Structure formats: structure tokens, C-alpha cells
Amino acid sequence: MNQADIQQIVEKVMMELQTRISQQSEDKIDKDEKSFHYTAVDWLTHVPNPKFPEGIDELRKVTPARIGVWRTGTRPLTKTILKLQLDHAAAVDAVSGEVLDSLLKEFNLFTVETCYENKEVYLKRPDKGRVLTEEAVKTIQERCVKKPQVQIVVSDGLSASAIEANLRDIYPALLDSLEVNGLTQGTPFFVKGGRVACMDHIGEILQPEVLVLLIGERPGLVSANSMSAYMCYRPRKGTVESERTVISNIHSGGTHPVEAGAYIGTVLRKMIDQKASGVRLEL
Amino acid sequence: MKTTITLMGKTYQFKSLKEIMAKANEEKSGDQLAGIHAQDAQERIAARHVLSELTLADIRNNPLLPPEEDEVSRVIEEGVNEKIYASIRNWTVAELREYLLSPNVTNNEIAHIRRGLTSEMIAAVTKIMTNLDLIQAASKITVETRCNTTIGQKGRLAGRAQPNHPNDNLQGIKAAIFEALSYGVGDAVIGINPVIDTADSVKAILNMTKELIEKWNIPTQNCVLAHVTTQMRAIKQGGAADLLFQSLAGTELGNKAFGISVELLDEANELILKEGTAAGPNVWYFETGQGSELSADAHHGIDQLTLEARCYGLAKRYKPFIVNTVVGFIGPEYLYNSKQVIRAGLEDHFMGKLHGLPMGVDVCYTNHMKADQNDMENLAVLLAAAGVNFLIGVAMADDCMLNYQSLSFHDIATLRELLHMRPAPEFERWLEKMGIMENGRLTSIAGDPTLFL
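Residues numbered from 1 in each chain as written. Chains lettered and ligands numbered in written order. Predicted model: local features only at pLDDT ≥ 70, side-chain atom pairs only at ≥ 80, totals over all residues. Heavy atoms only, no water.

Identification of chain B as Ethanolamine ammonia-lyase large subunit from Parageobacillus caldoxylosilyticus NBRC 107762 is taken from an unreviewed UniProt entry. Check the Catalytic activity (unreviewed entry) section of the UniProt entry for chain B; it says "ethanolamine = acetaldehyde + NH4(+)". Among the UniProt annotations of chain B, the heading Pathway (unreviewed entry) holds the following wording: "Amine and polyamine degradation; ethanolamine degradation." (UniProt positions renumbered as here; feature names shortened; annotations may be inferred.)

The name given to chain A in an unreviewed UniProt entry is Ethanolamine ammonia-lyase small subunit, with Parageobacillus caldoxylosilyticus NBRC 107762 as the source organism. Regarding chain A, the UniProt comment filed under Subcellular location (unreviewed entry) reads as follows: "Bacterial microcompartment". Regarding chain A, the relevant UniProt record gives this comment under Subunit (unreviewed entry): "The basic unit is a heterodimer which dimerizes to form tetramers. The heterotetramers trimerize; 6 large subunits form a core ring with 6 small subunits projecting outwards."

Caption draft 1: Quick look at the domain arrangement of chain B. All names here are of chain B. Under the domain assignment, chain B is made up of domain 1 (4-139) and domain 2 (145-452). For domain 1 and domain 2, the distance between their C-alpha centres works out to 28 Å. Every contact between the two is made by 43 residues of domain 1 and, on the other side, 46 residues of domain 2. Counting across the interface, domain 1 meets domain 2 through five salt bridges. Glu120 serves as the salt-bridge partner of Arg310, at 2.9 Å between the closest nitrogen and oxygen. (Domains from an automatic or database assignment. Contact = heavy atoms within 4.5 Å. Salt bridge = Lys/Arg side-chain N within 4 Å of Asp/Glu carboxyl O.)

Caption draft 2: Fine view of helix α9 (residues 119-127) of chain B. Along α9 of chain B, nine of the nine residues are buried, which leaves the element largely enclosed by surrounding structure. For α9 of chain B, the set of buried residues is Ser119, Glu120, Met121, Ile122, Ala123, Ala124, Val125, Thr126 and Lys127 of chain B. (Buried < 20%, exposed > 50% of the residue type's maximum accessible area, 1.4 Å probe, protein only. Helix = DSSP H or I, 4+ residues; strand = E, 2+ residues; numbered from the N terminus.)

Okay, structure coming up:
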């Protein structure tokens, strides 16, 4: 192959490349003319003349709060408002979700239900979410170890997506932390339509020394996937809120689920040692 | 006490004052949940007619929760001035309403008669008032309080900066405080709801905010809204707290669910007066909200509006700097939609003010309620017109820790401009010095959080 041949090949390749590039950019223009594409950066607005230009990013980096958004007069900019409305819409839609059976199977969690009936009744009648159905009581009695040291319960609560998002991280970490703290657990299960105080009913049925309930919190805008871990020493009918210890805000942007899982064992250990939970527990 | 009424030939028979009080309420999902609501719209109005004809003495003589059985009832009873009560005991509830709304009755007259009123009487009159009644009557009442600074003056609208962070990151909390200050918000308090309820963590947030306030000479006060026992431990370990915080319920049993009692609050009161960092004399921050007693199964069959009034009766004992009803936080089982939240917000503000309390409102909703940001903007305008002492402000209304929406810093700034209201005087002077505000309006540099870097 001589110099001229090489020259010819290079030119040909260059021509082809150029055609492809121009086709691509035509495609892009074509697409852009017909639709808008929003990714995270497209909602970013800017403070026009900040005192410390590099400071805005520094501040934004340390909090998920919507800061450095700027304004028109005293009102927020259009993109800021629309993003807020979009996130609210997502949270509203998330309330009606359900936890997939396949996820529960992964962790050998069988499912029982409270008396919640349906989502609307669940929202208006929290009392129904605190009591298990007769069938659920029977199932638990048949399948669970009685009087365990630690009883683990998982429930959808107000955000099924919180369980979907966090269970794979928190659950193994929780099991490890039980082992590290020399604790043994009974038979874990999933409660559909649960409220926090369903712990008390379960406490009556199984009489665990301590119970930990992993439950979906009501969704927020930054975190529609936030989970809480409620813990109680000898839960029973008549337990008051202040007797429960809680780690809230468990999600990838808050208390990380792995970290939370690892911490729960320590808390449970202290509950058993101090024979107390809630405000009387010294952490 | 008469408990039966015939309206246009139809007779309604009620068993007790408790039933009349419950059924006279505007529709609320919480009263329905408790099973004490009016069965239909006409029964509701019939109950309201009966209530309007009852005397203040009828209400006092038929306690919904006798003082022998409940310490909140005892606190309320002990607070009554018998001479003033004797002068108004034969007034009907309707007469009390018309007195409050009559043009000759001003802040001074109201300040006088409030000493003869119980929380139940205040609840009763609230039930027969329309939304605009509640706004007009409340707007007559001025309640000024002083911690490090004074708030509550007529024509002033303060804001709490609520810079919460999902894992209490101090830098993250600071960043949101800077944003709030740059919009002129933070004159009521810089108050953080912590995730971690331990003395060490609470102390760290207290001391960070205190240092920040001192560094920039901000005329305001700090507070970390942990359980009162945690705050007490933090203070004993050297935490610098201007204000002590606690959520209140309207019954002894409800307060037990919160892990508090009058005895504990008295003890905390002594501690903050002795070891708090503020000038005072007002050094408490209380929060309330309709439905918390029912949620703890501690309601004794009493309706949620009346129980809310009783929270204010208890709050009065401690002469708080600020009281805040977190009106839409509790959820749809107590206040189902925006109509109910708006009504409750106006009721709570009015009832608190009639008690003589420095009322603020967290105008808010959760994502499982039938409400949105527009509804909050509406309620905020109504409350500002009613003369609310302060409103909660969150960055773009979105609390990234508590998972609900309130008002934004922008909203508080907008209300001030729209209704010609100013921040608290000392704070406004500071904003002027910082170049953030001029003649009551935000300047071109307002909204830049890097001003504080």
C-alpha cells in the first residue's frame, strides 16, 4: 500500500465519519425540536451574583434541602416550582404502591394482613392497621417461634417503595448486628397494611423480649423511600409511644440502611440489658 | 342545662355537653374516627344552636374531664380568675361570640375577660364562629413575648427557620440556615428537629447554632426540638439553649404518651430558667396539633378541637415565647383534606390567641392528605390577615427530614410584601445592617446564602 492509497482510505473514512456525525446531529436536532429532555441538572437554577460564586455548590453539596434556588421578586423561579410539583406528584402516586412478593420471598418473609381492608380505609382508620386479622393471628401462631429474644417484623406502612428500596441493604446488616451482639431471632414475617402499633398485637401473640419493626414512612419529596425502625422492649397491649425507640429517615440520602441495620443490634442489646425502651432507655 | 332543641318542628336530643361539643364541630375525619361526629349536616347545626344558647357557667359546671381525674383539667381550673368569671358566667356562648366581634371590644377588653375563660369555653365559642369570624377576632389580639428578642407586635410577621437535615449533618443544617436568613426568615427562632434524639447530638446542634448566632450577631433564639428530657440532659452537659421545646397534649394520658407530665414540665421550667442562655422571660417553645390525643388513645371521647384548646390551657402555665400548631402534619385520619386543614389552622390560631398565647402556625400537609401547595398558600394569607405571630419556613417548603411540606422562605417574604408586614423589629434592623432588607423590602442581594460564608 503506498502513500496515495493510505491517503485515499483516510479520506474515505473521514468522509464517512463526517456523514455519520452530521446524521447524528441531525437526529439530535430533530429530537430536540420535538421533545424536551429534563435530567437533574436541567432543574438547577443559579444565584446570579453570589458573594462567593464557588460557595453555592459547596452549600448545596451538604444538604438535600432546596437551597440556592434564587427568585423572581419574592417568588421562586418557574423550574423550581415545577420540580416541587413533580416530586409531590411522585410521592402522591407512591402512597398507593404495593411490595412485590418476589422481594419478600428473597428473605423468606411470609405475609399476614391487618384489618385495614383497603388503602382508603387504611388512611382514614389507623386503628384498623394496628390489629391483625384472625387469620393472621392463626398463621403467626402456627409458623413462628414463641417467646423469641428478638422478633423482626417488616411492614409496608405508608410507603411500599421504602421496603423495595431499603430491605436488601438493611436486612442482612440487621442479621449481622444481631449476631455481633449475641442476640437470637425468632421467625420474621411481613405485615400488609401495618401501623406502628401493630407491634403491640404481635407482642401479645409472640411475647418476644424485644421487637423491631421495619416500616415505610409517609413519603416526602426528597425521599419517597424513607423507612423507620421502631423498637420496643416487651411490646404489649397498652404500650405508649414514649416506650418505643425509633430510628427514622432510613434511606440512601439519610441514615444509610446498612448503617441503620448495623446499629439496631446495639440498641436492642441495650434494651435487653436495661430492661427498657423509649425515653427511659439511655443510649 | 338544656340539651334538647326543636328546629322547624324537628327535635334533636343530646345526652351530654360532650356530645353537643363534638357534634357542633365542622366536619373532621378525626371526630369521625373517634365515632363522635354529627350523623348529618342538620344535626351538626342543631348541636351548634344548642351550644350557642348554653351559658359559660353551664360549660364550667359540666366538665368534660373532671379535674379530679386529669391534671390538665386541674391546671386549667387553677388558672381561672373567679371575679372575672363571675362577671361573665351568665353569658351565653353566642353572647361571647358577639362580644368578641363587636367594634368596641379591643385587645384590652379581651385580655381582661380571658382570665375568666376556661379552655372549654374558648373551644365552645370557636365552634359557632365562621372562618372570617375567627380571622377578625384573632386580628384584634396582640400577644408580645420576649426571649432574646421581642416578637408579636402588630404589623409584624416573624418566621421560624426550620433547617432540618436527614442525618443531622451540622454543615447541612448551617447551609439551610444561611438560605433562610438570606430571605429574612429566622426572627422567631432558628429551630432544628433532630433525627438523633441523644444528648450529645442535641448539644452539638445547640452549640453550633449558638456560635452562628453570636458570630453574625443575629437577634434571634435557638432551639433543638428533641424530647424535653433529652434537651435537659444536653443542657446539663453544657448545651447552650435559648428555648426549651416540647409537644403538648390536652389530656394527662396524652401527655403520658409524649413521655411528659406537669411535674416534669415544672422541673424542666426550673432548669431552663436557671441554665438557659436567653434573656427571657419567655423561654418555652410548645407545639400542638389537633388529633394527637386520639392518636394516643387518650381522648376520653372528647372532640379534637376541644382537646386542642386544652393544650393551650396547659401551655399558658409556662408563659411560652412561641406556640405553634403543626396543623396538617398528623395526617388524613384527623384532617382529611385542605378544607379541614384550613379550618383547623384558623381555629387553632384563634383559640391560642384568645388564651393569650403567642401563636404561630406550621401551615403544612403530608403527601397522603388531599391537599397541595396552593392550599397552603391560601391558608398562609388567611393567617397573616388574622395577625399570626409567626409562620414556619422551610427551603422551598420541602422538609427533607420530616417528609412533609410547609411554607417556603419565599412565601413568608411574599406575605410580608403583600400585606405590608415587617419582620420582628430587632431582626429587621439586623437585616438592614446586612444589606438584605431596605424599607421593608428584600434587596437585590437577598436570596444569596453565600452572604454568610
